[in-house]
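Survey of secondary and tertiary structure
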Amino acid sequence: PHPSPLEGPTRQRVRSGLAGTFRLLPALDRLVADQETKLVQLTEWQAAALAGLYTNDRLVVSGPAGSGKTMLAVATAKHLAARGKKVLFLCFNRSLAEWLREILPDSAFPTVAVHTFNALCADWCRRAGIPYCVPDSDPERQEFFRSAAAEILCQASDRVTERYDAIVVDEAQDFEPEWWLPIELLNENAEDGSLFIFYDPKQNLFVNKKLSFPANAARFD
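A brief report on the enclosed structure follows.

Scoring rules and cut-offs
- Residues numbered from 1 in each chain as written.
- Predicted model: local features only at pLDDT ≥ 70, side-chain atom pairs only at ≥ 80, totals over all residues.
- Heavy atoms only, no water.
- Helix = DSSP H or I, 4+ residues; strand = E, 2+ residues; numbered from the N terminus.
- Buried < 20%, exposed > 50% of the residue type's maximum accessible area, 1.4 Å probe, protein only.
- Contact = heavy atoms within 4.5 Å.
- Areas by Shrake-Rupley, 256 points an atom, 1.4 Å probe, with all protein chains shown as cover.
- Right-handed = clockwise from strand over helix to strand, strands pointing away.
- Phe/Tyr/Trp six-rings, centres within 6.5 Å; stacked < 30°, edge-to-face > 60°.
- Lys NZ or Arg CZ within 6 Å of the ring centre and 35° of its normal.

Our focus in this paragraph is the overall build of the chain. Within the chain, the regular secondary structure consists of seven helices and six strands. Counting helices and strands in the order they occur from the N terminus, the chain gives α-α-β-α-β-α-β-α-α-β-α-β-β. Burial statistics for the chain: of 221 residues in total, 38% are counted as buried. The long-range share in the chain, meaning contacts at least 24 apart out of those at least 6 apart in sequence, stands at 74%. By element, 53% of the accessible surface of the chain is carried by carbon and sulfur atoms, the whole surface being about 13500 Å².

Next up, the structure:
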């Protein structure tokens, strides 16, 4: 038998099924690059807004995850270093501290010292000649880092004369309330010294801990 030609809607359906859909899609690396550019621009805008707040020597900045707090903390440290300030940059996480040292290397920023709080305590105790013995068991370790380490750091600050012109703290939601006293003691002007704190209240590793920061600081969300 002779085949009958396809006509009307049937012809159109067959044609669409065989032809498929053709679209031009941008390469993945281009999409990622565009997103990175937008993130950098956003952080630059935030840094410009933050620069307007530098008339405040004591500042507490809060924001959710991914809002650029760490990059703003880095921008603050660079801003202070460019003005000849000796800066202590503190964080909680050791991996973050290692990354911060890479983007704030001694060769480019010799006046910026990056530490976790625990590493800072160990370093200052070593310089002060004070034993720094961390317990082996987890409960004792947690209690040691929560309060005892801060007390020992206070003792070390009495023996070591070095002080900082400004202190920048990232991941401050994970800092214990007891830590702020020794941190302030390392500041050239103590509780009146330059202090810039960045934190996310929703990323608190210790759920039941009440957040507490030094007084006399402007707040910026």
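The discussion continues.
A few words now on the environment of Ala218. Within the element layout of this structure, Ala218 appears in strand 6 (residues 218-220). In the structure, Ala218 is positioned 159 residues away from Leu59 in sequence and 4.8 Å away in space, judged by C-alpha atoms. Ala218 has contacts with Asn56, Arg58, Leu59 and Val60, leaving out every residue within four places of it along the chain.

Along strand 4 (residues 166-169), one buried face is formed by Ala166 and Val168 and the opposite face, lined by Ile167 and Val169, is buried too. In terms of handedness, the path from strand 4 via helix 7 (residues 180-185) over to strand 5 (residues 194-199) forms a crossover that is right-handed.

The next thing to look at is the packing of aromatic side chains. Think of a pair of aromatic rings as described by two things: how far the centres are apart, and how the planes are tilted against each other in angle. Scanning all chains against the criterion turns up 10 aromatic pairs. Between Phe92 and Trp179, the ring centres sit 6.3 Å apart and the planes meet at 15 degrees, which makes this aromatic pair stacked. With a gap of 87 residues between them, Phe92 in the loop between strand 2 (87-91) and helix 4 (94-103) and Trp179 in the loop between strand 4 and helix 7 connect regions that are remote in the sequence. Note on Trp179: relative accessible area 2%, which makes it buried. Ring geometry for Phe175 against Trp179: centres 5.2 Å apart, planes inclined by 70 degrees, an arrangement best described as edge-to-face. Of the two residues, Phe175 and Trp179, both sit in the buried class. Grouped by ring-pair contacts, the aromatic residues Phe92, Phe117, Phe175, Trp179, Trp180, Tyr199 and Phe213 constitute a single cluster. One residue, Lys86, lies across the ring of Tyr164, its end atom 5.7 Å from the ring centre. When the ring centre of Trp124 is taken as reference, the NZ or CZ atom of Arg127 above it lies at 5.0 Å.

Any link to function would need more than the numbers given here.
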